[in-house]
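Observations on chain architecture
Chain by chain, the residues run as shown.
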Amino acid sequence: MSLSMYAITVPVFTRYLNNLDAILAKAEANAAERKIKPEVLPASRLAPDMLPLTFQVQSTTDRIKFVLARLTGRTPPSWADTEVTLADLRARVRTALDYVASFSQADLAGSEDRPVTLKVRGEEQSVPSVPHVTLNAIPQIYFHLTMAYAILRHNGVPVGKGDFVGG
């Protein structure tokens, strides 16, 4: 039995974007409760040389939109990276959810067999879609989701594994 590209992207991305939105909502409530300014947590990072929470959310949403656009030949939307508050980040996640919801099974049908084109060091490179999605895009998405979760947990937001995995 084979899995469709739709099955390993759209429902998965929808679930984890919803989980990210819920985690950011908990962070918003926690920050308000602790009287933390709205821009503090988005600027937080785990280490001085690490990119902040804003980047982790932006990168998660960007990687999701780019993989779906590449698989379907759509032009990905352009989203300015101007988020400063948790509310801004939640709005971006909801924008990404809307974009993901715009893809049907028919849109992704047959994309398992089509190569995708990437820019690598400024040069276009054609790669098989299944390894690109399973060995590059999805691990990258999970990495940035995990970093967003870890930054918030490190800063005292009461989230746990159940919040990350969702249900």
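Let me sum up the structure you'll find in this document. (Residues numbered from 1 in each chain as written. Predicted model: local features only at pLDDT ≥ 70, side-chain atom pairs only at ≥ 80, totals over all residues. Heavy atoms only, no water.)

**A look at the side chain of Glu83**
The condition is simple: Where helices and strands are cited, they refer to DSSP runs of H or I of at least four residues and of E of at least two residues respectively, numbered from the N terminus. Each residue's exposure class comes from its accessible area (1.4 Å probe, protein chains only) as a fraction of the maximum for that residue type: buried when under 20%, exposed when over 50%, partly exposed otherwise. Under the rule applied, a polar contact is a pair of N or O atoms within 3.5 Å (in protein, one hydrogen donor and one hydrogen acceptor; residues adjacent in sequence only if both atoms are side-chain atoms). Working rule for contacts: check all heavy atoms of both residues, and any pair within 4.5 Å makes them a contact.
Positionally, Glu83 belongs in the loop between α2 (53-72) and α3 (86-101). With a relative accessible area of 14%, Glu83 lands in the buried category. A polar atom in the side chain of Glu83 sits 3.2 Å from the side chain of Arg92. Every residue in contact with Glu83, bar those within four places of it in the chain, is listed here: Thr54, Gln58, Asp88, Leu89 and Arg92.

**Describing the packing of aromatic side chains**
Put simply, the rule reads: Planes of paired rings set the category: under 30 degrees apart is stacked, over 60 is edge-to-face and the rest tilted, where pairs are Phe, Tyr or Trp rings (Trp by its six-membered ring) whose centres lie within 6.5 Å. When the NZ atom of lysine or the CZ atom of arginine is within 6 Å of a ring's centre and also within 35 degrees of its normal, the charge is said to sit over that ring.
Across all of its chains, the model carries five aromatic pairs by this definition. Centroid distance Trp79 to Tyr99: 6.2 Å. Interplanar angle 90°. Geometry classified as edge-to-face. With Trp79 in the loop between α2 and α3 and Tyr99 in helix α3, the pair connects residues that are 20 residues apart, well separated along the chain. Here Trp79 and Tyr99 have matching classes, each one buried. With a centroid separation of 5.9 Å and an interplanar angle of 75°, the aromatic rings of Tyr149 and Phe164 are classed as edge-to-face. Residue Tyr149 is located in helix α5 (residues 129-154), and its partner Phe164 is located in helix α6 (residues 161-165); the two are separated by 15 residues in the primary sequence. Across the pair, exposure class does not vary: Tyr149 and Phe164 are buried alike. Connected via pairs of aromatic rings, a cluster forms that spans Tyr16, Tyr142, Tyr149 and Phe164. In this structure, Arg74 packs its charged tip against the face of Phe103, placed 3.8 Å from the ring centre.

**Quick look at the side chain of Asp62**
Tracing the chain through its elements places Asp62 in helix α2. Note on Asp62: relative accessible area 15%, which makes it buried. Reaching out from Asp62, the side chain makes a polar contact with the side chain of Arg92 at a distance of 2.7 Å.

**Here we look at the pairing of strand β1 (residues 115-120)**
Put simply, the rule is: For two strands to be treated as a pair, DSSP must find no fewer than two bridges joining them.
As paired strands, β1 and strand β2 (residues 123-128) are joined by six bridges and run antiparallel to one another. When the bridges of β2 are listed, Val120 appears paired with Glu123. Here β1 folds back onto β2 in antiparallel fashion, the turn holding two residues, of which Arg121 has a positive phi close to 50°.

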